[in-house]
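# Inside the fold
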Amino acid sequence: SLSEDYKHDLEIVIVDNASTDDTRKLLDRIHGAKIIRNSRNEGFLSASNQGASEARGRNLLFLNNDTEVFPGAIASALHTLGDTDDAGAVAGKLIYPDGTLQEAGGIVWQDGSCSGYGRGDDPFAGPYMYRRDIDYCSGAFLLTRRDLFGEMGGFDESFKPAYYEDTD
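Here the residue numbering is sequential within each chain, running from 1 through the sequence in written order. Given that the model is predicted, a residue must reach a pLDDT of at least 70 before its local features are reported, and side-chain atom pairs must reach 80 or more before they are shown or counted; all residues, however, enter totals for whole chains, interfaces and linings. Water and hydrogen atoms were dropped before computing side-chain values, which therefore reflect all heavy atoms in the structure.

## Quick notes on the nonpolar core
One finds Leu45, Ala52, Ala55, Leu60, Phe62, Cys137, Leu142, Phe149 and Phe155 forming the largest nonpolar core, which totals 9 residues. Those elements that place two or more of their residues in this core are α3 (43-54) and β3 (59-63). Apart from the residues within four sequence positions on either side, leucine 45 is in contact with Phe155, Asp156, Glu157, Phe159, Lys160, Pro161 and Glu165. In these notes, a set of buried Ala, Val, Leu, Ile, Met, Phe, Trp, Tyr and Cys residues joined through side-chain atoms within 4.5 Å is what counts as a nonpolar core. For each residue, the accessible area found with a 1.4 Å probe, counting protein chains only, is set against the maximum for its type, and the residue is called buried under 20%, exposed over 50%, and partly exposed in between. Starting at the N terminus, helices and strands are each numbered in turn, a helix being any DSSP run of H or I of at least four residues and a strand any DSSP run of E of at least two. Contacts are assigned to residue pairs with any non-hydrogen atoms lying within 4.5 Å of each other.

Set out below in structure tokens:
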């Protein structure tokens, strides 16, 4: 879906976290991407930092391995990041395979718990069809500037093994 969505130059870094399915065979068929093969599963946080350290582009787009990128998503996210001086990151609208909304950005509540904005709703309903400030971006589709990510120290290792590192 990446090559179908974005027709400009992309640097693609894939971190295979010791997959036990057919991922290795599939990755052997990909040309032009930098593939890092870990001998053990390092988890999302460490693997994301690992991939980011290898990237040389101006921006970083973190994607989960099961994310299908819809047409125009990358260009739209890049436009938003470039057009919004005070945005540290841009989230993608995440849609479950059944067509319902997983989230249109994340909310952090006063007690520190989090939830996806609009979870379970129609992803094309009015409240989810415009740009808005959000509390955090899910690491499933998170675009940020590489220099800012580095200045912030990447995903904080104190959240290891997982969860809340993208919120932080």
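## What about the pattern of salt bridges?
A side-chain nitrogen of Lys or Arg and a carboxyl oxygen of Asp or Glu constitute a salt bridge if their distance falls within 4 Å. Counted according to the given criterion, the structure contains 8 salt bridges. A salt bridge links aspartate 22 to lysine 25; the nearest nitrogen and oxygen atoms lie 3.9 Å apart. Accessibility expressed as a relative area gives 48% for aspartate 22, which makes it partly exposed. Residues glutamate 157 and lysine 160 are paired through a salt bridge, measuring 3.6 Å at the closest nitrogen-oxygen approach. We classify glutamate 157 as partly exposed; its relative accessible area is 39%. Taking relative accessible area as the criterion, lysine 160 reaches 44% and is therefore assigned partly exposed.

## A few points about the sheet that holds β3
Ordered in space as β3-β9-β4, the 3 strands form an open sheet in which the pairing is antiparallel. Both edges of this open sheet fall to β3 and β4 (89-91), since each of them pairs with a single strand only. This sheet shows a mean twist of 15° between the axes of neighbouring strands, independent of strand direction. For two strands to count as paired, DSSP must find a minimum of two bridges between them. Here β3 runs beside strand β9 (residues 141-145); their pairing, made up of 5 bridges, is antiparallel. Among the inter-strand pairings, leucine 63 is bridged to a residue of β9, identified as phenylalanine 141. To obtain each axis, a line is fitted to C-alpha atoms, and for helices this fit is confined to the stretch in contact; angles are then taken between N-to-C directions over 0 to 180 degrees. Running over the sheet, helix α4 (residues 73-83) touches β3, β4 and β9 and is turned about 40° from β9.

## Some points on the packing of aromatic side chains
To describe a pair of aromatic rings, one takes the distance between the centres and the angle between the planes. Two aromatic rings, drawn from Phe, Tyr or Trp (for Trp, its six-membered ring), form a pair once their centres lie within 6.5 Å of each other, and the interplanar angle then sorts them: stacked below 30 degrees, edge-to-face above 60, tilted otherwise. Under the criterion given, the structure shown has 6 aromatic pairs. Relative to phenylalanine 155, the ring of phenylalanine 44 has its centre 5.7 Å away and its plane inclined at 50°; by these criteria the two rings are tilted. Here phenylalanine 44, found in helix α3, pairs with phenylalanine 155, found in the segment after α5 (146-151); they are 111 residues apart in sequence, far enough to count as distant. Here the aromatic residues Phe44, Phe62, Phe149 and Phe155 are joined through ring pairs into a cluster of three or more.

## Notes on α4
Burial in α4 covers these residues: Ile74, Ala77, Thr80 and Leu81. Along α4, the residues classed as buried sweep out an arc of 130° about the axis, all on the same side. Exposed residues on α4 whose side chains face more than 90 degrees from its buried face are His79 and Gly82. Arc, as used here, means the arc of the directions from the helix axis to the C-beta atoms.

## Some thoughts on the side chain of threonine 80
Here threonine 80 lies in helix α4. Overall, threonine 80 belongs to the buried group, its relative accessible area being 16%. Setting aside chain neighbours within four positions, we find threonine 80 in contact with Val90 and Arg131.

In short, shape yes, function no, at least from these values alone.
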